[in-house]
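So you can see what is in the structure, the chains are spelled out below.
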Amino acid sequence: MDMQKISQEDFDMDMTPMIDCVFLLMIFFVLVIDLSQKNLEDLILPRAEFQEPDDQPPDNRPILNVLQNGSVIFEGKVAYDAIKDGSNYAPIKQLLLDIRRNGELKGTLKIVTEDIGGKPTKLVDDPILIRADKWTEWNVIGEIMKQCSQPNIAFWKVELAMSEQDKETGEKNAKLKGDK
Amino acid sequence: MSAIDDVQEEAKADMTPMIDCVFLMIIFFLCIEFKILEAKLPAYLPKDKGSQNTKVEPMEQLSVGIYVESEGKKVPFEDGTTVGDINPNNDRPYRYKVDNYRVKWVVGPKPLYNIQAVAAELKRIVADPASMVPDPKNPGTKKLMPVVIEPHPGVYYESVARTADACNDAGFEEINFGGGLGPTKKK
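All values derive from a computational prediction rather than experimental measurement.

### With respect to the overall build of chain B
Next, step 1: For chain B, the count of helices and strands is 4 helices and 12 strands.
Next, step 2: Residue burial in chain B is summarised as follows: out of 187 residues, 22% are buried.
Next, step 3: Expressed as a percentage of contacts within chain B between residues at least 6 apart in sequence, the contacts between residues at least 24 apart total 67%.

### Concerning the sheet that holds strand 8 (residues 110–112) of chain B
Residues and elements named next belong to chain B.
Next, step 1: Read across the open sheet, the 5 strands follow the order 8-7-2-11-12; overall the sheet is mixed. The open sheet has two edge strands with one neighbour each: strand 8 and strand 12 (175–177). Taken over all neighbouring pairs, the strand axes of this sheet differ in orientation by 25° on average, direction set aside.
Next, step 2: Bridge count between strand 11 (residues 147–151) and strand 12: 3 bridges; the pairing is parallel. Of the residues in strand 12, the one forming a bridge with Val147 is Ile175.
Next, step 3: Here helix 4 (residues 157–170) sits on the sheet and contacts strand 2 (62–70), strand 7 (102–107), strand 11 and strand 12; the angle it forms with strand 11, its principal contact strand, is near 170°.

### Digging into helix 3 (residues 115–127) of chain B
Residue and element names in this part refer to chain B.
Next, step 1: Over its 13 residues, helix 3 runs 18 Å from end to end, which matches the ideal 18 Å to within 8%, given 1.5 Å per residue.
Next, step 2: Taken residue by residue, helix 3 has Val118, Ala119, Leu122 and Ile125 as its buried positions. The buried residues of helix 3 all sit within an arc of 125° when viewed along its axis, so they share a single face. For helix 3, exposure combined with an orientation more than 90 degrees from the buried face picks out Gln116, Arg124 and Ala127.
Next, step 3: Where helix 3 is buried, its residues meet strand 2, strand 7, strand 8 and helix 4.

### Quick word on the sheet that holds strand 1 (residues 38–42) of chain B
Next, step 1: Strand order in the open sheet made by the 7 strands is 1(A)-1(B)-8(A)-7(A)-2(A)-3(A)-4(A), with mixed pairing throughout. Each end of this open sheet is capped by a strand with a single partner; those strands are strand 1 (52–53) and strand 4 (77–80) of chain A.
Next, step 2: Strand direction decides the pairing type here: strand 7 (residues 128–132) of chain A and strand 8 (residues 158–163) of chain A, joined by 3 bridges, are parallel. Among the inter-strand pairings, Ile128 of chain A is bridged to a residue of strand 8 of chain A, identified as Val158 of chain A.
Next, step 3: Running over the sheet, helix 4 (residues 90–106) of chain A touches strand 3 (72–74) and strand 4 of chain A and is turned about 120° from strand 4 of chain A.

### Comments concerning the pairing of strand 6 (residues 119–124) of chain A
Next, step 1: The sheet contact formed by strand 5 (residues 111–116) of chain A and strand 6 of chain A spans 6 bridges and is antiparallel. Among the inter-strand pairings, Ile116 of chain A is bridged to a residue of strand 6 of chain A, identified as Lys119 of chain A.

### Description of the packing of helix 4 of chain A against helix 5 (residues 138–148) of chain A
All names here are of chain A.
Next, step 1: One way to put it is that helix 4 packs onto helix 5 with a least axis distance of 10 Å and a crossing angle of 45°. Classified by the angle their axes make, helix 4 and helix 5 are oblique. Of the two elements, helix 4 crosses helix 5, and the hand of that crossing is right-handed. Note on element contacts: helix 5 touches helix 4 through Glu143, Ile144, Gln147 and Cys148, opposite Ile92, Lys93 and Leu96.
Next, step 2: Grouping the amino acids of the contact of helix 4 with helix 5 by side-chain chemistry returns 4 nonpolar, 1 polar and 2 charged.

### Digging into the pairing of strand 1 of chain B
Next, step 1: Among the 5 residues in strand 1 of chain B, 4 count as buried, and that is most of the element.
Next, step 2: Relative to strand 1 of chain B, strand 1 of chain A runs antiparallel, the two being bridged by 2 bridges. Of the residues in strand 1 of chain B, the one forming a bridge with Glu52 of chain A is Lys40 of chain B.
Next, step 3: Summarising the sheet, strand 8 of chain A and strand 1 of chain B pair through 5 bridges and their orientation is antiparallel. Counterpart to Glu159 of chain A in the pairing with strand 1 of chain B is Pro42 of chain B.

### So, the interface of chain B and chain A
Next, step 1: Contact with chain B, which involves 52 residues of that partner, is made by 58 residues of chain A.
Next, step 2: Looking at the side of chain B that touches chain A, the elements that each hand over two or more residues are helix 2 (16–32), strand 1, strand 5 (92–93), strand 6 (96–99) and helix 4 of chain B.
Next, step 3: By residue class, the composition of the side of chain B that touches chain A is 27 nonpolar, 12 polar and 13 charged.

### As for helix 4 of chain A
All names here are of chain A.
Next, step 1: The end-to-end C-alpha distance of helix 4, which contains 17 residues, comes to 24 Å, matching closely the 24 Å that a straight helix rising 1.5 Å per residue would cover.
Next, step 2: Every buried residue of helix 4 is accounted for by Ile92, Leu95, Leu96, Ile99 and Arg100. Buried residues in helix 4, looked at end-on, bunch into an arc of 130°, giving them a common side. Turned more than 90 degrees away from the buried face of helix 4, the exposed residues are Ala90, Asp98, Arg101, Asn102 and Leu105.
Next, step 3: Where the residues of helix 4 are buried, they touch strand 3, strand 4, strand 6 and helix 5.
Next, step 4: In the segment just after helix 4, Gly107 is the residue with positive phi, at about 75°.

### Re the environment of Asn87 of chain B
Next, step 1: Along the chain, Asn87 of chain B turns up in strand 4 (residues 86–87).
Next, step 2: Apart from the residues lying within four places of it in its own chain, the contact partners of Asn87 of chain B are Arg92, Pro93 and Tyr94 of chain B.

### A few points about unusual backbone geometry
Next, step 1: The backbone phi angle of Ala154 of chain A is positive, close to 55°, even though this residue is not glycine.
Next, step 2: In this structure, Ala154 of chain A sits in the loop between helix 5 and strand 8.
Next, step 3: Residue class for Ala154 of chain A comes out buried when judged on the 23 C-beta atoms lying within 10 Å of it.
Next, step 4: Of note in the backbone geometry, Asn100 of chain B takes a positive phi value of approximately 60° without being a glycine.
Next, step 5: Considering the arrangement of structural elements, one finds Asn100 of chain B in the loop between strand 6 and strand 7.

What counts and what doesn't
Numbering of residues begins from 1 in every chain and follows the order in which that chain's sequence is written. Whichever chain is written first is A, and whichever ligand is written first is 1; the rest continue in order. With the structure being a predicted model, the display of local features is reserved for residues of pLDDT at least 70 and the display and counting of side-chain atom pairs for 80 or more, all residues being used for whole-chain, interface and lining totals. The helix count covers DSSP runs of H or I at least four residues long, the strand count covers runs of E at least two residues long, and both are numbered beginning at the N terminus. Any residue whose C-beta has 12 or fewer other C-beta atoms within 10 Å is treated as exposed, any with 20 or more as buried, and any in between as partly exposed, C-beta atoms being built from the backbone. A pair of residues counts as a contact when their C-beta atoms, built from backbone coordinates, are within 7 Å of each other. Note on pairing: DSSP must find at least two bridges between two strands before they are called paired. Axis angles are defined between N-to-C directions and span 0 to 180 degrees, where every axis is a line fitted to C-alpha atoms and, for a helix, only to the segment in contact. Helices are assigned an expected span. That span is 1.5 Å times one less than the residue count. Of all possible arcs, the one meant is that of the directions from the helix axis to the C-beta atoms. Angles below 35 degrees are treated as roughly parallel, those above 145 as roughly antiparallel, those between 65 and 115 as roughly perpendicular, and all remaining angles as oblique. Helix crossings are classified by the rotation of the near helix relative to the far one: an anticlockwise turn of less than a right angle makes the crossing left-handed, while a clockwise turn makes it right-handed. Gly counts as polar in this scheme, as do all residues outside two lists: the nonpolar Ala, Val, Leu, Ile, Met, Phe, Trp, Tyr, Cys and Pro, and the charged Asp, Glu, Lys and Arg.

This is how it looks when you write it as structure tokens:
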């Protein structure tokens, strides 16, 4: 009787720990992949008090990360190195031209032709996101915006990334705290 | 005999599922830490800059200048790091924060010293009927005047973003960024 009981217990295996483990791995990988695909650098973004949350980011939106020293990172690669390139902003221009050309070739960016000042101009109708650290000097971001407005680049839907919580001070958006 | 067996089994609870659950939650909260929700601030550029050959009529606009009051001091963000050194783990420079950094805003003619005052002043301007200017695209109608944010050398993105955020909240639809004033002069 006793032997029979043991063998029976052996037979119907307990699945709970296995399912737990699988869930654990699933959550881990979902979160990690989500992070790596977005090409997000670890930055301290300025806190947004009033902005709309960016909860449904379009897949085709290029993201330019700007580090504290002004270096521009696109898809994990340093496109403009603030220390090496200094005031030579040509790499930024080249980067934007490349993004536009690739987007046009692959069809991921929508290009519209509009009549501007009497001349038909091809504009990029999709947004571009600038993710800059709060302690970046403004002039680099100003330079990116200037390049974006050039007629041969024409990314006019520039968006600035902000955070709902300041990573440095821990301050939260007033709306999140509920005391608008 | 059988009744005693039952009691004994009930007494020693199985800890495995609880520990599993706790681990699961630890991993979940560790990972979610990275994912602070982000927001976006539309800063659309004027479509017609740089390509126009027509004459533009000068238009009234509100200027918001940002000047550095106190440059502040860069201090390491994480303990045990040095400002300017490269982090070997990700090849990026170690991050820093800036202490004692203060700016002055000049909204129209008025100097202001904190962002709350700027937000209040912007709201006051929006409510003022004198802030409406003729709309060049639709003659005969009026629209709210555009605002130009002019950061001066040495101003950090933090101040500009917060200002643009306040302008947006006040109801300004056309927000332009002045600039081209260059980087901080190295001493």
